[in-house]
Amino acid sequence: MDIPANLNDIKVQKLISRFVRDNDPRVRKSALDSLVDMHLRGSSLYDDLYSLAVVSLRDDFEEVRLGGLNLIWAVSSLNPHILLWLPKDGPAETIRLIDDAFSKICDLVNDVSVIIRTKACVIMSSYQHVNPDVLSQTFSKQIMSRLRRKVDRKFQRKHEASSISIIIPVAEGDFDVEADEFRIMDSGACGAFVHGLEDEFQEVRNASIDSICELCMYNGHLVNKAINALVDMFNDEIPQVRINAINSLRKIGTRWPLKFDLEQLEISTGTLDDYDQTTRFATHDLLAVVEIVNEESLLLLMTELMGNIKRYPQDLISIYRCIREVGKRHPAIVSKCRESLFDIDHRYMTKEPSTESPIYTARVILLVNAVVSQPSLATNLPAYIFQHFAYYRRKYPDCVQDLKVRSRINGLMKSPEYTSIDGFVSETVAKMSLRDINDYTATTSNLLQIVKRQAERLEYTAALATIQDAIKNYKYICTLHPTGNVRLAIAYLECYELVLRIKQNFGTPSFASTAQIAATNLLQASYTMQNSFIGLSTWNIQVTMYFRILVGIIWTFGIIKDMPKEVYQKLSIGDLRSILVKISTDPTAAKWVGLHSFLTEFLPMDLDLSNAVKHTSAEIISPQPNVDKPLKFKSNIRVSLDVEANIYNSSDIYDTAIEITNPDQTTQVYWPIANDFVPTTPFCYKLKAKVELRYPGWTEPCNISLRIVRSFEPDLSGLDGYIMRYPNAEATSKHSIQQSHNVVSIPISEPVLYTIHPYSRKAQQVPAASAGARQRGIAGMM
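Residues numbered from 1 in each chain as written. Predicted model: local features only at pLDDT ≥ 70, side-chain atom pairs only at ≥ 80, totals over all residues. Heavy atoms only, no water.

Moving on to the overall build of the chain. On a plain count of helices and strands, the chain comes out with 30 helices and 16 strands. Long-range contacts, defined here as pairs at least 24 residues apart, represent 74% of the contacts in the chain between residues at least 6 apart. Per element, the accessible surface of the chain, about 40600 Å² overall, is 53% carbon and sulfur. (Helix = DSSP H or I, 4+ residues; strand = E, 2+ residues; numbered from the N terminus. Contact = heavy atoms within 4.5 Å. Areas by Shrake-Rupley, 256 points an atom, 1.4 Å probe, with all protein chains shown as cover.)

The strand order β7-β9-β13-β12 describes an open sheet built from 4 strands, whose pairing is antiparallel. The strands lining the two open edges of the sheet, one partner per strand, are β7 (617–622) and β12 (677–681). Adjacent strand axes in the sheet meet at a mean angle of 25°, parallel and antiparallel pairs treated alike. Two elements, strand β9 (residues 639–648) and strand β13 (residues 684–693), share 9 bridges in a ladder whose sense is antiparallel. Counterpart to Leu-641 in the pairing with β13 is Val-691. (Pairing = 2+ DSSP bridges. Axes fitted to C-alpha atoms, helices over the stretch in contact; angles between N-to-C directions.)

Here helix α15 (residues 295–311) contains 17 residues, and its C-alpha end-to-end distance of 25 Å stays within 8% of the 24 Å for a straight helix at 1.5 Å per residue. Restricting attention to buried positions, one finds in α15 the residues Ser-297, Leu-298, Leu-300, Leu-301, Met-302, Leu-305, Met-306, Gly-307, Asn-308 and Ile-309. Of the surrounding elements, those touching the buried residues of α15 are α13 (262–270), α14 (277–287), α16 (316–329), α17 (331–342) and α18 (358–373). Two to three positions downstream of the cap, the backbone nitrogen of Glu-296 sits 3.4 Å from a side-chain oxygen, assigning the N-cap of α15 to Asn-294. (Expected span 1.5 Å × (residues − 1). Buried < 20%, exposed > 50% of the residue type's maximum accessible area, 1.4 Å probe, protein only. Polar contact = N/O pair within 3.5 Å; in protein donor to acceptor, adjacent residues only side chain to side chain.)

In terms of strand pairing, β12 meets β13 through 4 bridges, oriented antiparallel. Along β13, the bridge assignment pairs Thr-681 with Cys-684. Taking the residues that link successive antiparallel strands as the turn, the β12-β13 hairpin has 2 residues, and the phi of Phe-683 there is positive, at about 70°.

What follows covers the pattern of salt bridges. On inspection of all chains with the given rule, the structure shows 22 salt bridges. Ionic pairing is found between Asp-99 and Arg-96, a salt bridge with its closest N-O pair at 3.1 Å. Judged by its relative accessible area of 7%, Asp-99 falls in the buried class. The exposure class assigned to Arg-96 is partly exposed, which follows from its relative accessible area of 22%. We note a salt bridge from Asp-236 to Arg-205, for which the minimum N-O separation is 2.9 Å. With Asp-236 in the loop between α11 (223–232) and α12 (239–253) and Arg-205 in helix α10 (residues 202–218), the pair connects residues that are 31 residues apart, well separated along the chain. On the accessibility criterion, Asp-236 (11% relative accessible area) is buried. (Salt bridge = Lys/Arg side-chain N within 4 Å of Asp/Glu carboxyl O.)

For the bond running from Ser-622 to Pro-623, omega is 5°, close enough to zero to count as cis. Look at Leu-458: it is not a glycine, yet its phi comes out positive at around 65°. Not every positive phi belongs to a glycine, and Asn-636 is a case in point at roughly 60°. Tracing the chain through its elements places Asn-636 in the loop between β8 (631–634) and β9.

At their nearest, the axes of α15 and α17 sit 9 Å apart, and the two run at 55° to each other. The orientation of α15 with respect to α17, classified from their angle, is oblique. The hand of the α15/α17 crossing is right-handed. Contacts from Glu-295, Leu-298 and Leu-299 of α15 reach α17 at Ile-333, Val-334, Lys-336, Cys-337, Ser-340 and Leu-341. Classifying every residue of the contact of α15 with α17 by side-chain character gives 6 nonpolar, 1 polar and 2 charged. (Parallel < 35°, antiparallel > 145°, perpendicular 65-115°, else oblique. Left-handed = near helix turned anticlockwise from the far one by under 90°. Nonpolar A, V, L, I, M, F, W, Y, C, P; charged D, E, K, R; others polar.)

Turning our eyes to something else, we now look at the packing of aromatic side chains. Here the structure, examined in full by the defined rule, presents 10 aromatic pairs. On the numbers, 5.8 Å between centres and 55° between planes, the contact of Phe-102 with Tyr-127 is tilted. You can see Phe-102 sitting in helix α5 (residues 97–107) and its partner Tyr-127 sitting in the loop between α6 (114–124) and α7 (132–137), a full 25 residues away along the chain. Each member of the pair, Phe-102 together with Tyr-127, is buried. Relative to Phe-712, the ring of Tyr-527 has its centre 5.0 Å away and its plane inclined at 40°; by these criteria the two rings are tilted. Of this pair, Tyr-527 sits in helix α25 (residues 511–531) while Phe-712 sits in strand β14 (residues 702–712), and the two are 185 residues apart along the sequence. (Phe/Tyr/Trp six-rings, centres within 6.5 Å; stacked < 30°, edge-to-face > 60°.)

With respect to the secondary-structure elements, Ile-333 resides in helix α17. Between the C-alpha atoms of Ile-333 and Leu-299, which are 34 residues apart in sequence, the distance is 10.0 Å. Setting aside anything within four residues of it in sequence, one finds Ile-333 in contact with Ile-292, Val-293, Asn-294, Glu-295 and Leu-298.

Burial within β14 is extensive, with 8 of its 11 residues counted as buried. Bridging between strand β10 (residues 656–661) and β14 involves 6 bridges; their strand directions are antiparallel. Residue pairing in the sheet places Thr-661 in a bridge with Ser-705 of β14. Pairing analysis gives 5 bridges linking β14 to strand β16 (residues 752–759), with the strands arranged antiparallel.

We now examine the environment of Phe-260. Relative to the assigned elements, Phe-260 resides in the loop between β3 (258–259) and α13. On the basis of relative accessible area, Phe-260 is assigned to the buried category, the value being 2%. Separated by 37 residues in the primary sequence, Phe-260 and Ser-297 place their C-alpha atoms 8.8 Å from one another. When sequence neighbours within four positions are dropped, the list of residues in contact with Phe-260 reads Ile-227, Val-231, Leu-249, Leu-265, Ser-268, Val-290, Glu-291 and Val-293.

Turning our attention to the state of the cysteines. Inspection of the entire model under this criterion finds 0 disulfides. Just so you know, Cys-106 is unpaired, no disulfide at all, and the nearest cysteine sulfur is the one on Cys-121, 8.6 Å from it. Accessibility expressed as a relative area gives 2% for Cys-106, which makes it buried. (Disulfide = S-S within 2.5 Å.)

All right, on to the side chain of Ser-705 then. On the secondary structure map, Ser-705 appears in strand β14. Excluding residues that lie within four positions of it along the chain, Ser-705 makes contacts with Glu-659, Ile-660, Thr-661, Pro-751, Val-752 and Leu-753.

On average, the chain scores 78 in pLDDT, and the residues at 70 or more come to 76%. Predicted confidence is poor over residues 405–433, with pLDDT under 50, and the contacts of this stretch with residues over four places away or in other chains come to 39 contacts. Across residues 729–739, confidence stays below pLDDT 50; counting only partners more than four residues off in sequence or on other chains, it has 23 contacts. (pLDDT = per-residue confidence, 0-100.)

Right under this line is the structure:
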């Protein structure tokens with residue numbers, strides 16, 4: 001079908017608009033959808049379509065009303081500031097198109113269709129520039145006085161003369177909806193969000209919460225009304241609605257101040273009793289951005305958070321982070337509550353509390369972060385608190401800042417007590433400049449050449465002592481200025497040390513029995529060196545592979561357990577390859593002697609530190625060691641354990657896993673999904689995963705070891721995988737997700753010992769039965 005050349009967009013729209021009043025609802029729906037599609041494809045809609053869309057909102061069919069709703073949004077988004085005449089109110093009365101469209105959409109919040117109500121609440125969020133009075137009206141069911149218009153008296157007398165009206169008395173306090181000063185159109189926004197939040201369907205309530213959040217981000221005057229409305233939603237029966245309301249308020253709090261009164265704070269802290277951990281964590285994030293108004297509110301908040309720690313100890317880290325933000329934001333209020341929180345009475349000497357008390361730890365975190373914002377709070381504090389600052393700085397680095405560094409920056413807090421903060425760091429370290437560190441690193445790097453010369457002269461004892469000094473120096477440099485190159489040098493020296501010990505032990509009677517263990521250690525160290533860094537040069541990768549060549553020879557000698565005594569000339573890699581080919585076809589004693597010569601003359605390749613590398617590591621934040629409070633659960637029932645960790649410098653998150661070592665040394669490996677990794681900075685992630693535990697009944701609590709590992713495919717998948725797991729190559733758990741034989745793992749985090757106690761009912765019933773028998777025996781004797 002050919003389209004006439006003179007048929008422009010306006011003519012097409014007028015042609016389609018004729019079908020908006022068609023008798024068939026399917027035709028009306030198609031006409032409305034076609035006009036919206038033209039808008040989405042870039043065509044400008046003419047203003048007269050707005051009146052057709054308004055008429056469509058009163059259609060009997062749901063699909064037509066939905067089409068009219070979409071068309072109103074399209075027209076009002078194109079020309080929001082066009083003025084519409086209000087002939088009923090007089091020739092001079094006008095209203096902006098965006099304000100009138102918003103009122104019409106608010107009317108649909110009371111529609112009989114759930115789909116229409118949800119869609120209306122969703123679209124309301126896009127009207128950020130509506131008249132502030134109209135927006136405020138959505139939070140109240142009572143019509144505001146400033147939205148009622150006073151009609152011109154001359155126009156009113158003219159209107160009365162042209163019509164016969166029946167006077168109906170109106171009770172005091174009610175509105176006469178038939179009066180000319182009352183406009184039904186202005187009442188469209190009346191209580192729209194109130195109706196949306198009270199809807200029986202959670203889809204409508206969630207959409208209303210989302211719209212309130214979005215409108216508040218652009219209209220600060222709505223925040224106080226939004227607080228009242230959203231805090232009431234914390235008591236909703238649906239967990240998703242509660243979480244959405246909490247997160248929406250937190251999002252608003254990142255833009256505008258959130259001031260909760262005592263009642264609102266009580267309602268908010270009431271969600272800390274929720275069984276769902278996601279709800280509790282969302283509440284912690286919300287309370288971190290709330291502005292506390294007085295000391296009573298702060299004490300209430302601390303009391304509720306302490307109760308949360310007692311009920312749910314697994315929330316400890318999240319609660320401490322919340323308290324950290326509260327301390328930073330409210331130093332003035334913390335100063336007023338300082339003596340009551342720490343029971344300080346200047347007339348008496350204060351007893352030093354236990355640093356292992358969660359309640360005392362929370363109060364110290366609150367105080368130390370308040371001191372960061374207001375250093376004068378550090379005056380007149382007991383001396384032991386400053387020592388505790390240093391302890392908590394090491395134990396909870398995310399929650400406690402280094403006050404010693406802050407004091408040097410600010411030039412404040414010169415009290416002598418601060419000399420004990422972080423006292424384990426020497427003054428030499430504090431005074432060293434970056435240039436001094438670089439010089440010290442260069443001097444330490446020269447030790448690598450000394451080690452090489454000592455090894456060439458077969459001075460293994462001296463070379464090992466030099467390696468120990470170099471490793472000690474590099475670790476000291478890591479405390480000053482940790483870099484990937486320094487850690488790479490440490491990994492290289494650890495491999496070098498294993499090689500020298502093998503060479504030193506070679507030829508002794510005990511070598512045959514220890515060769516396989518030595519090969520396992522060297523292979524693990526070489527793979528750790530290669531896979532714990534990103535940005536390794538090709539040369540350094542060859543350095544690690546050269547170590548693994550020696551591993552194969554050592555492993556072979558450990559198997560045959562028969563060492564030849566002769567030493568021949570030094571062999572190159574090419575000679576070694578030819579000897580291995582000959583041995584594979586005809587393994588004779590004379591050919592094994594060549595391998596013996598390669599081992600005795602082996603020296604590692606030099607390390608290249610010219611290219612910067614980054615060290616791949618991880619830090620487990622949760623769970624923390626719980627020796628005093630083991631996790632108890634019934635045997636053979638799956639229990640979820642929340643694992644939270646920070647991943648640093650990881651090139652591929654799909655290689656990262658969680659490894660659990662059981663008391664019997666069997667291992668379980670859990671692979672987090674992609675959604676468990678949240679990017680923080682380039683190549684760095686926050687890991688939040690759930691690990692399912694299931695064990696048979698134990699007679700007493702025992703420790704399991706958790707650590708983050710990085711998997712990779714070895715050079716020789718079958719052999720290298722077996723060697724790295726030797727002598728526990730068969731130690732796997734029947735409950736674990738079996739690791740592929742082609743993939744092995746190396747740890748990238750320090751292990752965390754977590755105490756659990758899976759108990760069985762039989763184990764509990766046996767002591768109870770024996771106690772009852774003893775009681776019956778005593779009664780019989782009497």
